[in-house]
Amino acid sequence: MYLFFPLLFLPFVSLQLIDDEKIDFDENEVKCLVCKKCITDIEVEIAKVPSAKKMPKDFRIDGEGNIGEPNIEYRRSETFLVDVMENICNKMDNALKAKHKETGELMLFTLSVNGDKLNPLINDIDLLDDSGLGDNPKTYCEEMMDKYDDEIVELFKVENHNLVEKFCSTRTKLCHAHGEIKEEL
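Below is a summary of the structure that appears in this document. Everything numeric in this text was worked out from a predicted model, so none of it was measured.

Conventions adopted
Residues numbered from 1 in each chain as written. Predicted model: local features only at pLDDT ≥ 70, side-chain atom pairs only at ≥ 80, totals over all residues. Heavy atoms only, no water. Helix = DSSP H or I, 4+ residues; strand = E, 2+ residues; numbered from the N terminus. Expected span 1.5 Å × (residues − 1). Bend = angle between axes of the 7 residues up to and from the residue. Buried < 20%, exposed > 50% of the residue type's maximum accessible area, 1.4 Å probe, protein only. Contact = heavy atoms within 4.5 Å. Disulfide = S-S within 2.5 Å. Core = buried A, V, L, I, M, F, W, Y, C linked by side-chain atoms within 4.5 Å. Pairing = 2+ DSSP bridges. Axes fitted to C-alpha atoms, helices over the stretch in contact; angles between N-to-C directions. Phe/Tyr/Trp six-rings, centres within 6.5 Å; stacked < 30°, edge-to-face > 60°. Lys NZ or Arg CZ within 6 Å of the ring centre and 35° of its normal.

1. As for helix 4 (residues 137–157)
An ideal rise of 1.5 Å per residue puts 30 Å on 21 residues; helix 4 reaches only 25 Å between its terminal C-alpha atoms. Remark: the principal bend of helix 4, roughly 80 degrees, maps to Tyr 148. Within helix 4, burial applies to Pro 137, Lys 138, Tyr 140, Cys 141, Met 144, Met 145, Tyr 148, Ile 152, Val 153, Leu 155 and Phe 156. Against the buried residues of helix 4 lie helix 2 (27–48), helix 3 (78–88), strand 3 (95–100), strand 4 (106–110) and helix 5 (163–171).

2. Some words on the state of the cysteines
Enumeration according to the criterion identifies three disulfides in this entry. Bridging Cys 32 to Cys 175, the disulfide has an S-S length of 1.8 Å. Judged by the sign of its S-S torsion, about 120 degrees, the bond between Cys 32 and Cys 175 is right-handed. With Cys 32 in helix 2 and Cys 175 in the segment after helix 5, this pair connects stretches of sequence that are 143 residues apart.

3. Topic: the nonpolar core
Ile 42, Met 145, Phe 156 and Phe 167 are the most contacted members of the largest nonpolar core, which totals 33 residues. In contact with Phe 156, not counting residues within four places along its chain, are Ile 39, Ile 42, Glu 43, Ile 46, Arg 76, Leu 81 and Leu 163. One finds Ala 98, Phe 109, Ile 122 and Leu 127 within the second-largest nonpolar core, a separate group that totals seven residues.

4. Some remarks on the sheet that holds strand 7 (residues 125–127)
Reading across from one edge, 4-3-7 is the order of the three strands in this open sheet, with antiparallel pairing throughout. Strands with a single pairing partner mark the edges of an open sheet, and in this sheet they are strand 4 and strand 7. Geometrically, the sheet is characterised by an average inter-axis angle of 50 degrees between neighbouring strands, direction not taken into account. When strand 3 meets strand 4, the two strands line up antiparallel, connected through five bridges. Along strand 4, the bridge assignment pairs Lys 99 with Leu 106.

5. Focus on the packing of aromatic side chains
Geometrically, a pair of aromatic rings is defined through the distance of the ring centres and the angle of the planes. For the coordinates displayed, the defined rule picks out two aromatic pairs. A centroid spacing of 5.7 Å and a plane angle of 90 degrees characterise the contact between Tyr 148 and Phe 167, whose relative ring orientation is edge-to-face. You can see Tyr 148 sitting in helix 4 and its partner Phe 167 sitting in helix 5, a full 19 residues away along the chain. Accessibility classification places Tyr 148 together with Phe 167 in one group, the buried group. A cation over an aromatic ring shows up here: Lys 53 above the ring of Tyr 74, its NZ or CZ 4.5 Å from the ring centre.

6. Side note on the pairing of strand 4
A regular strand carries its side chains on alternate faces of the sheet. Within strand 4, five of the five residues are buried, leaving the element largely enclosed by the surrounding structure. Burial along strand 4 is two-sided: the residues Leu 106, Leu 108 and Thr 110 and Met 107 and Phe 109 are all buried. Hairpin connection between strand 3 and strand 4: a loop of five residues separates the two successive antiparallel strands, and Gly 104 in this loop has a positive phi of roughly 75 degrees.

Spelled out as structure tokens, the structure:
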């Protein structure tokens, strides 16, 4: 039932497809967009967990049977981050190419949010012809998570700003600061 709900709106959404403006995505551009979407989606998952939720920094038991103090945020723990990273690529299964109506920014767009709600940004974007998307964005996501898993965990262990820029442009160079794209993943 939940998966069916967004499909009801697909005929109406498809009216927004831009056919006269063929925009080809090359492989490197898709990798850059996948990187941006993954990092943004991880930030969203972290924001869902209250900062007050804590967990022990280490699990050593002292002589009295006490476990370490709950002194780190659960959402910044390696346990939580690895779990999020293992599941984040599943969101790429239904990623579509889109262009923001106002800014003209190219992006990967998912029709549903949390699997049951239509993405509220649907009115702000135009869906583009998906024939040139190449390999599945999920594949690129999985490759990126495998290659950069340690860097992603370290990046998110502390609260940072501009993570998309820091990770996708500075650390991995999948994207360049001014929209240029790196040659390889």
